[in-house]
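Secondary and tertiary structure notes
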Amino acid sequence: MKKRLALIGCGGIGQYHLSHFVQFKDIVDLVGWCDLIPERAEDFKQKAGCGEAYTDWKKMLDETKPDMVFLGVPPYCHGEIEFELIERGIHFHVQKPLALDLDLARKIRDAAEAKGLITASGFQCRYAENIVQPAIKFCQANQVVMIDCSRIGGVPGVDWWRKKDLSGGQAVEQTIHQFDIIRYFMGENAEPVEVFSYNGRGFIKDEEWPGYDTDDLSTTVVKFAGGALGVITTGCYATSGNSFDSKVIFSTRDKRMEHKILGTTVIYGEEPPKDEGGA
């Protein structure tokens, strides 16, 4: 029997998920699309060729009765939706970050577990198998001493993102992928023991992005359980790709691996050099 699937949040990340959903119509019925902007929900309905469009997510749940729901809402919108899904016994996937408040994220996790639901968080960068698996093997086979991570880009063109109390800032909303990748590759050796951060502001002007009130950049230093040290820098100040080469470097005593999320994994110091292609 096919499972019934609905989506809440028909923005950019919703488009990503939709492109995959339509590939599984043989096992999934796409029954509902919900967004506060009705045109977006209707667009998803048209692209999928099935399901109904809604602006009220509770009405959608009542009428379509999905078995599972994908959430692609902004970071500040988490909480009520998840608890309603848990109450109704609906399995769900949450696009990162899970919440802006750690206690809230833990409450959602514990309530879903107590209900016996299948849940997942949206860290799709883990699943670029052709570049991720060689990276994991490298970290398992070598003692990583130092990690140098950077993610530098521009300001996304959505209002909520440039308000820190709504997005959590770039480290929470975007560079969480890099934090996750480091922990995924390193396993138990990547549990943080000590952490401190510095932030910087003043480079991005209000006339560029009216209402902007988040950090332009930040640098975080981490001491990991395995003894390695890490420096993780993130910034949204760049106006060109020439500004910085974003990647994660895993350094050992005699070699290094450079991983570009959803791009490449290159290992230096092995003969011949190992270069896994793009995702």
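Here, every reference points to the structure presented above.
A brief look at the structure comes next. (Residues numbered from 1 in each chain as written. Predicted model: local features only at pLDDT ≥ 70, side-chain atom pairs only at ≥ 80, totals over all residues. Heavy atoms only, no water.)

1. Notes on the side chain of Asn-142
Test applied: Helical segments are the DSSP runs of H or I of at least four residues, strand segments are the runs of E of at least two, and each set is numbered from the N terminus. Only protein chains enter the area calculation, which uses a 1.4 Å probe; residues under 20% of their type maximum are buried, those over 50% are exposed, and those in between are partly exposed. For the purposes of these results, a polar contact is taken to be a pair of N or O atoms within 3.5 Å, where, inside protein, one atom must be able to donate a hydrogen and its partner to accept one; residues adjacent in sequence count only when each atom of the pair is a side-chain atom. We call two residues in contact whenever any of their non-hydrogen atoms come within 4.5 Å of each other.
Position of Asn-142 relative to the elements: it lies in the loop between helix H6 (129-141) and strand E7 (146-152). Here Asn-142 falls in the buried class, since its relative accessible area comes to 17%. Of note is the side chain of Asn-142, whose polar atom sits 3.4 Å from the side chain of Lys-255. Apart from residues no more than four positions distant in its own chain, Asn-142 is found in contact with Thr-252 and Lys-255.

2. Thoughts on the pattern of salt bridges
A pair can form between side chains of opposite charge whenever their charged atoms are brought close. How we decide: Whenever Lys or Arg places a side-chain nitrogen within 4 Å of a carboxyl oxygen from Asp or Glu, that contact is recorded as a salt bridge.
Counted by the stated rule, this structure contains 19 salt bridges. The salt bridge involving Lys-45 is made with Glu-52; its shortest N-O contact spans 3.4 Å. For Glu-52, a relative accessible area of 40% puts it in the partly exposed group. Between Asp-245 and Lys-260 there is a salt bridge whose closest N-O contact spans 2.9 Å. Here Asp-245, found in the loop between strand E10 (229-235) and strand E11 (248-251), pairs with Lys-260, found in strand E12 (residues 256-260); they are 15 residues apart in sequence, far enough to count as distant. The class for Lys-260 is partly exposed, based on a relative accessible area of 29%.

3. Thoughts on helix H5 (residues 102-115)
For the record, the criterion: One less than the residue count of a helix, multiplied by 1.5 Å, gives the span that helix is expected to have. Taken from the helix axis, the directions to the C-beta atoms give the arc we talk about.
Over its 14 residues, H5 extends 20 Å from the first C-alpha to the last, a length consistent with the 20 Å expected when each residue adds 1.5 Å. Where H5 is concerned, the buried positions are Ala-105, Ile-108 and Ala-112. One side of H5 holds all its buried residues, which, seen down the axis, span an arc of 65 degrees. Facing away from the buried surface of H5 by more than 90 degrees, the exposed residues are Leu-102, Lys-107, Glu-113 and Ala-114. For H5, the secondary structure elements touched by its buried residues are helix H4 (80-88), strand E5 (91-95) and strand E6 (119-122). Put simply, Asp-101 is the residue that caps the front of H5, since its side-chain oxygen is 3.0 Å from the backbone nitrogen of Asp-103.

4. Overview of helix H1 (residues 12-21)
When H1 is considered as a whole, its buried residues turn out to be Gly-14, His-17, Leu-18 and Phe-21. Looking down the long axis of H1, one finds its buried residues gathered within 105 degrees of arc, a one-sided arrangement. Check the buried side of H1 and you find it contacts strand E1 (3-8), strand E2 (28-34), helix H2 (38-48), strand E4 (68-71) and E5.

5. Some remarks on the sheet that holds E6
Here is the rule we go by: We treat two strands as partners when DSSP finds at least two bridges between them. In this analysis, axes come from line fits to C-alpha atoms, helices being fitted only over the stretch in contact, and the angle between any two N-to-C directions falls in the range 0 to 180 degrees.
The 6 strands lie next to each other as E3-E2-E1-E4-E5-E6, forming an open sheet whose pairing is parallel. The two strands at the open ends of the sheet, each matched to only one other strand, are strand E3 (52-54) and E6. Going across the sheet, the axis of each strand differs from the next one's by a mean of 20 degrees, ignoring polarity.

6. As for unusual backbone geometry
Glycine aside, the phi torsion of most residues is negative, and most peptide linkages are trans. Cis peptide bonds are those with omega within 30 degrees of zero, and the linkage from Lys-96 to Pro-97 qualifies with -10 degrees. Positionally, Pro-97 belongs in the loop between E5 and H5. Although it is not a glycine, Lys-65 sits at a positive phi angle of roughly 50 degrees. Residue placement: Lys-65 occurs in the loop between helix H3 (57-64) and E4. The phi torsion at Leu-262 lies on the positive side, around 60 degrees, for a residue other than glycine.

7. A few points about the packing of aromatic side chains
We count it as follows: For Phe, Tyr and Trp, rings pair up if their centres lie within 6.5 Å, where Trp contributes its six-membered ring, and each pair is then called stacked (planes under 30 degrees apart), edge-to-face (over 60) or tilted (otherwise).
As enumerated under the stated definition, the model contains 5 aromatic pairs in all. Residues Phe-21 and Phe-70 carry aromatic rings whose centres are separated by 4.8 Å and whose planes lie at 80 degrees to one another, so their mutual orientation is edge-to-face. In this pair, Phe-21 sits in helix H1 while Phe-70 sits in strand E4, placing the two residues 49 residues apart along the sequence. Site record: aromatic cluster; members linked through ring pairs are Tyr-184, Phe-185 and Phe-250.

8. Focus: the nonpolar core
Within soluble globular proteins, side chains that are nonpolar tend to cluster in buried spots. The condition is simple: What is meant by a nonpolar core is a set of buried Ala, Val, Leu, Ile, Met, Phe, Trp, Tyr and Cys residues, joined one to another through side-chain atoms within 4.5 Å.
If you look at the biggest cluster of nonpolar residues, it comprises 24 residues, and the most contacted ones within it are Cys-139, Ile-147, Ile-182, Phe-185, Met-186, Phe-250 and Met-257. At 6 residues, H6 tops the list of elements feeding residues into this core. In contact with Phe-185, not counting residues within four places along its chain, are Val-132, Ala-135, Ile-136, Cys-139, Phe-250, Met-257 and His-259.

9. Topic: the side chain of Asp-35
You can see Asp-35 is positioned in the loop between E2 and H2. Asp-35 sits in the buried class, given a relative accessible area of 10%. Here the side chain of Asp-35 touches Cys-10 through a polar contact of 2.7 Å, landing on its backbone nitrogen. Not counting residues within four places of it along the chain, the set of residues in contact with Asp-35 comprises Gly-9, Cys-10, Gly-11, Arg-40, Ala-41, Tyr-54 and Thr-55.

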